[in-house]
Each structure stands twice: as structure tokens, then as C-alpha cells.
Amino acid sequence: QISAEVLKKKAEISGNNQFTIYGNEQVKKVNEIKVFDRWGNAIWQTTTNCLNQPSLGWDGTINGTQIETGVYTYVAEVEIFSGEKKLVSGDITWVK
């Protein structure tokens, strides 16, 4: 199973301030994550393997500026230990 964490503002909830992909023992790595605003603009992406590592994920900023409250979408390519690659997508809710 692959899941994503809800993103909250750093000042309000410590420890839940980065978005990343979480996976079970079948997931080898995250090849890429892209985050989009409500208009479909890519606002963040990484090719760093941030699987289960929130410190390597998205911090809820665009060019160093905190994003506004809202719902953002993501698409990620994950690799399973069998070598199969899967696309996963979903929503990120940002709460101030």
C-alpha cells in the first residue's frame, strides 16, 4: 500500500510539515514526485528517493513562500522490488 501524508503548516503542527510518499516493504523507491496547484501548474518536483523520508519531501512552499490553504494534487512514480513502476496520484490538503 502506498499513502501520502496530509501537509500542515510548520508553526501549528510540528512533525507533520513535509509531504512525501510512504510505502510498505514491497515498494523499493520513489523515482519522481510532482505537485500541482489547482490550475494544473507544477509547483514542486523531485527525483530524489524520498520514500518514507519526510525531510526529503515537499515543505509546502513555492520558491520559498508558504502556499495558501487549499487542495493540491500530486503524481508520483514508484518502483516495486519486482522492477515494476507504478503511477500513484492523490490530493494534499494544506491547512494553515
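All of these numbers come straight from a predicted model, not from anything done at the bench. (Residues numbered from 1 in each chain as written. Predicted model: local features only at pLDDT ≥ 70, side-chain atom pairs only at ≥ 80, totals over all residues. Heavy atoms only, no water.)

### A closer look at the overall build of the protein
Reasoning step 1: The number of helices and strands found in the protein is 0 helices and 9 strands.
Reasoning step 2: The secondary structure elements of the protein, listed N-terminal to C-terminal, are β-β-β-β-β-β-β-β-β.
Reasoning step 3: Here the protein, with 96 residues, has 35% of them falling under the buried criterion.
Reasoning step 4: The long-range fraction of contacts in the protein, counting pairs at least 24 apart against all pairs at least 6 apart in sequence, stands at 48%.
Reasoning step 5: Total accessible area on the protein is roughly 5600 Å²; 45% of this is exposed by carbon and sulfur atoms. (Helix = DSSP H or I, 4+ residues; strand = E, 2+ residues; numbered from the N terminus. Buried < 20%, exposed > 50% of the residue type's maximum accessible area, 1.4 Å probe, protein only. Contact = heavy atoms within 4.5 Å. Areas by Shrake-Rupley, 256 points an atom, 1.4 Å probe, with all protein chains shown as cover.)

### Regarding the packing of aromatic side chains
Reasoning step 1: A complete count under the given rule lists 2 aromatic pairs for this structure.
Reasoning step 2: For the pair Trp58 and Tyr72, a centre-to-centre distance of 6.1 Å together with 65° between the ring planes defines the contact as edge-to-face. Of this pair, Trp58 sits in the loop between β5 (42–46) and β6 (61–62) while Tyr72 sits in strand β8 (residues 70–80), placing them 14 residues apart in sequence. Here Trp58 and Tyr72 have matching classes, each one buried. (Phe/Tyr/Trp six-rings, centres within 6.5 Å; stacked < 30°, edge-to-face > 60°.)

### What to know about the confidence of the model for the protein
Reasoning step 1: Residues at a pLDDT of 70 or more form 83% of the protein, whose mean pLDDT is 82.
Reasoning step 2: Across the protein, the secondary-structure element scoring lowest on mean pLDDT is strand β2 (residues 7–8), at 40, and the one scoring highest is β5, at 96.
Reasoning step 3: Considering only residues more than four positions removed or in separate chains, one finds that residues 5–14, a stretch of pLDDT under 50, has 29 contacts. (pLDDT = per-residue confidence, 0-100.)

### Section: the environment of Val78
Reasoning step 1: Along the chain, Val78 turns up in strand β8.
Reasoning step 2: We classify Val78 as buried; its relative accessible area is 0%.
Reasoning step 3: Separated by 45 residues in sequence, Val78 and Ile33 have C-alpha atoms that sit 8.8 Å apart.

### Observations concerning the pairing of β5
Reasoning step 1: Across 4 bridges, the pairing between strand β4 (residues 27–36) and β5 is antiparallel. Following the sheet pairing, Ile33 is matched in β5 by Thr46.
Reasoning step 2: Counting the residues between successive antiparallel strands, the hairpin from β4 to β5 contains 5 residues, one of them, Gly40, with a positive phi of roughly 90°. (Pairing = 2+ DSSP bridges.)

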